[in-house]
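The lines below spell out each chain.
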Amino acid sequence: MKKFNFLLPLYIYEFFSSMLFMTPIWVLFFQSRGLSLIQLGLLSSTVYLASTLFEYPTGILADRYGRKTSMICANLLVVIAFLVEVKSYSFPSFLVASFLVGMAWAFQSGAREALIYDALKEKGLQKHNSKILGILNFIGAAGQLISVFFGSILFIYDGSLPYWMTISTTIIGTIALSLVREPRNKTKESKLDDHTDFFAGLKLLWGQSTLSSLFMLYIPVFFFEGAWHGLMEQPVLVGLGLPIVILGTYQAVKTGLSGFCGLLLPGLVKKQQHATLFFWVIFLESLVMVGLGADWLWVAIASSYLMLFAHSLWYYLDADIIHEHIPSNIRATTLSARQMGISLIWIFNPGLMGYLVSTFDRAYLFPVFGVIILVTSISVFLLRKRYLYTPRHK
């Protein structure tokens, strides 16, 4: 619709920045450079460490000097990180690249969602936030679909080509992002101290019942996901018989599902009770983990797709709830504070997951994950259920 035409540069940014050609092969790429699964876990921990360290200053930067500026910095850091990875053959070099990726996460964290919401709010269109997020995610999924389909093919031809292609599209996305008009930020005219802004966001995160409930539920529901898509996904699928060249097709279907979720789920979230949908997220995540312990390729693939659906449902639930509880002037700061809390917990997650998947049989390990998710998440859900809604869903 014409009333959303002002978001066109953001649509272009989303398409090109989402073209991650290395997505279907990145674990195989690292393994081809001599890294073990435990080392991959340590690299992921480095990403979370850097993200935690920089969430505070980048959240202030986003609220004080512009969300667009923060997102541009994130893209530039991604480009530098991928350049380092392409040239790396030693673990310390990959650590440097991972630290840069973590910094990029921190610059990106909260800035995109805050930019979108405030751009809509400036024009009185904030009620369409979930819908626009869905459209943007659908556009991003289209870019991802193209890139992941060709990613594995490029990898067969030359292992570094997927990274070079991703670097190119990220640069194009950054140029488009520079054309986005930044909504007027009232904090630029305020006298508030940056530290006051951040700690106000941190206090809100823990003091507001709905925000703290979302945080408390997120941890047990998604804590074990990294054992699959962060470490085991590509090696297991190839080991179960999926040709490397088909990894791109597999990932393309995942991307298509993500785009479908972007069109379907915002409407579902508006119509259904939030508490009911949260229960389904918990149930699906538990079921997924049991499926990932199977030795049948089709079960592993179906479970992986179901995991994506569950995570997407959480994303739109969270987006439909959270912004109504955060003032505009500290929105990015509060979201950054939340991500800092998650990253702080997740610092040790990849190393732990790397150890567990390298030590224990997948057939037993993942079903155990499923039981832990079900028990802990249902407990938190029942204790905090009354806070997991927006006013219209009482």
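Calculation notes
- Residues numbered from 1 in each chain as written.
- Predicted model: local features only at pLDDT ≥ 70, side-chain atom pairs only at ≥ 80, totals over all residues.
- Heavy atoms only, no water.
- Helix = DSSP H or I, 4+ residues; strand = E, 2+ residues; numbered from the N terminus.
- Expected span 1.5 Å × (residues − 1).
- Buried < 20%, exposed > 50% of the residue type's maximum accessible area, 1.4 Å probe, protein only.
- Contact = heavy atoms within 4.5 Å.
- Axes fitted to C-alpha atoms, helices over the stretch in contact; angles between N-to-C directions.
- Parallel < 35°, antiparallel > 145°, perpendicular 65-115°, else oblique.
- 1 Å grid on protein atoms, 1.4 Å probe; cavity = no way out; pocket = protein on both sides within 12 Å on 5 of 7 lines; lining within 4 Å.
- Points joined across faces, edges and corners; volume = space filled by probe spheres on them.
- Salt bridge = Lys/Arg side-chain N within 4 Å of Asp/Glu carboxyl O.

Chemist: Looking at this structure, I do not really get helix 8 (residues 161–177). What am I missing?
Modeler: An α-helical turn contains 3.6 residues, so a residue and the one three or four places further along point in the same direction. The end-to-end C-alpha separation of helix 8 is 24 Å, in line with the 24 Å expected for 17 residues at 1.5 Å each. Residues Pro162, Tyr163, Thr166, Ile167, Thr169, Thr170, Gly173, Thr174, Ala176 and Leu177 constitute the buried set of helix 8. Turning to helix 8, the residues buried within the fold contact helix 1 (8–17), helix 2 (26–32), helix 4 (67–87) and helix 7 (129–157).

Chemist: Help me out: how do you make sense of the packing of helix 7 against helix 12 (residues 247–271) in this one?
Modeler: Each pair of packed helices can be summarised by the angle the axes make with each other and by the distance between the axes. At a minimum axis distance of 7 Å, the contact between helix 7 and helix 12 shows a crossing angle of 175°. Between helix 7 and helix 12, the angle falls in the class roughly antiparallel.

Chemist: Would you mind going over empty space enclosed by the protein with me for this structure?
Modeler: Any space left empty among the atoms is revealed by the rolling of a water-sized probe across them. All told, the structure shown has two cavities of 30 Å³ or more when counted by the stated rule. What the second largest cavity holds in volume is close to 40 Å³. Lining of the second largest cavity is provided by Thr23, Pro24, Glu233, Gln234, Leu237, Leu247, Tyr250 and Gln251.

Chemist: Would you take a moment to explain the pattern of salt bridges for this structure?
Modeler: Pairs can form between side chains of opposite charge whenever their charged atoms are close. Overall, the coordinates contain six salt bridges when judged by the stated rule. The residue Asp295 makes a salt bridge to Arg362 at a minimum N-O spacing of 2.9 Å. With Asp295 in the loop between helix 13 (274–291) and helix 14 (297–322) and Arg362 in helix 17 (residues 362–384), this residue pair connects regions lying 67 residues apart in the sequence. For Asp295, a relative accessible area of 54% puts it in the exposed group. For Arg362, a relative accessible area of 13% corresponds to the buried category. Here Asp318 and Arg338 are joined by a salt bridge, their closest N and O atoms 2.7 Å apart.

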